[in-house]
Amino acid sequence: QVQLVESGGGLVQAGGSLRLSCAASGSIFSINAMGWYRQAPGKQRELVATITSSKSTMYADSVKGRFTVSRDNAKHTVYLQMNSLIPEDTAVYYCNIQASTVALRRLYDYWGQGTQVTVSS
């Protein structure tokens, strides 16, 4: 099994910054893509940013130029640096990884428990 533990959420004023972390643990054989999604109240979960195993990145238009996704393959950790935060960024942020385990050499999606990010105006 694979477990994901997120950290770094909180309350910040508009214009501020936060850094989210998501560490994967368990019997991991390999990790492919890693990324972040968010879900605001009353809205569907949406993609924020992804990063491949070769560290190619993709961002939602709404966060381009403000957010940066990165990963540390040795630590099985993905990060999301969020700068110039605006109230519209308020949401629960979930990390997602595509990973295979030692026992099952197939890629599955795994999700973190979510961390609240609140941006006040």
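What you are looking at is a predicted structure, and each value in this text was computed from that prediction instead of being measured.

A. Representation of the state of the cysteines in the model. Following the criterion strictly, the structure yields 1 disulfide and no others. Sulfur-sulfur distance for the disulfide between Cys 22 and Cys 95 comes to 2.0 Å. In this structure, the disulfide formed by Cys 22 and Cys 95 twists by about 40° around the S-S bond and is classed as right-handed. On the criterion of sequence distance, the pair formed by Cys 22 in strand β3 (residues 18-26) and Cys 95 in strand β9 (residues 91-101) is long-range, its members being 73 residues apart. What makes Cys 95 buried here is its relative accessible area of 0%.

B. Summary view of the pattern of salt bridges. Here the structure, examined in full by the defined rule, presents 4 salt bridges. Arg 66 serves as the salt-bridge partner of Asp 89, at 2.7 Å between the closest nitrogen and oxygen. Of the two residues, Asp 89 sits in the loop between β8 (77-82) and β9 while Arg 66 sits in the loop between β6 (57-59) and β7 (67-72), which places them 23 residues apart along the sequence. By the burial criterion, Asp 89 is buried, and Arg 66 matches it. Among the charged side chains, a network of salt bridges with common partners joins Arg 38, Glu 46, Arg 66 and Asp 89.

C. Quick peek at the packing of aromatic side chains. By the definition in use, this model includes 1 aromatic pair. Note that Arg 45 overlies the ring of Tyr 94, its terminal NZ or CZ placed 3.8 Å from the centroid. Note that Arg 45 overlies the ring of Trp 111, its terminal NZ or CZ placed 4.8 Å from the centroid.

D. Structural detail: the environment of Val 5. Looking at the element boundaries, Val 5 is found in strand β1 (residues 2-7). Val 5 sits 35 residues away from Ala 40 along the chain, and the two C-alpha atoms are 20 Å apart. With residues up to four places along the chain from it excluded, the contact list for Val 5 reads Ser 21, Cys 22, Ala 23 and Gln 113.

E. Focus on the sheet that holds β7. If you walk across this open sheet you meet the 4 strands as β1-β3-β8-β7, and the pairing is antiparallel. Since the sheet does not close on itself, it has two edges, and those belong to β1 and β7, each with one partner. Going from strand to strand, the sheet's axes swing by 15° on average, the running direction of each strand aside. With 6 bridges joining them, β3 and β8 adopt antiparallel strand pairing. Within β8, the position partnered with Ser 21 by the bridge is Tyr 79.

F. View of the nonpolar core. The biggest cluster of nonpolar side chains holds 31 residues, and the ones touching the most others in it are Trp 36, Leu 80, Met 82, Tyr 93 and Ile 97. Listing elements by their share of this core, those giving two or more residues are β1, β3, β4 (28-39), β5 (46-51), β7, β8, β9 and β11 (115-120). Sorting elements by how many residues they give to this core places β9 first, with 5 residues. Excluding residues within four positions of it along the chain, Ile 97 makes contact with Val 2, Leu 4, Ala 24, Ile 31, Ala 33, Met 34, Tyr 108, Asp 109 and Tyr 110.

So, how was this worked out
- Residues numbered from 1 in each chain as written.
- Predicted model: local features only at pLDDT ≥ 70, side-chain atom pairs only at ≥ 80, totals over all residues.
- Heavy atoms only, no water.
- Disulfide = S-S within 2.5 Å.
- Helix = DSSP H or I, 4+ residues; strand = E, 2+ residues; numbered from the N terminus.
- Buried < 20%, exposed > 50% of the residue type's maximum accessible area, 1.4 Å probe, protein only.
- Salt bridge = Lys/Arg side-chain N within 4 Å of Asp/Glu carboxyl O.
- Phe/Tyr/Trp six-rings, centres within 6.5 Å; stacked < 30°, edge-to-face > 60°.
- Lys NZ or Arg CZ within 6 Å of the ring centre and 35° of its normal.
- Contact = heavy atoms within 4.5 Å.
- Pairing = 2+ DSSP bridges.
- Axes fitted to C-alpha atoms, helices over the stretch in contact; angles between N-to-C directions.
- Core = buried A, V, L, I, M, F, W, Y, C linked by side-chain atoms within 4.5 Å.

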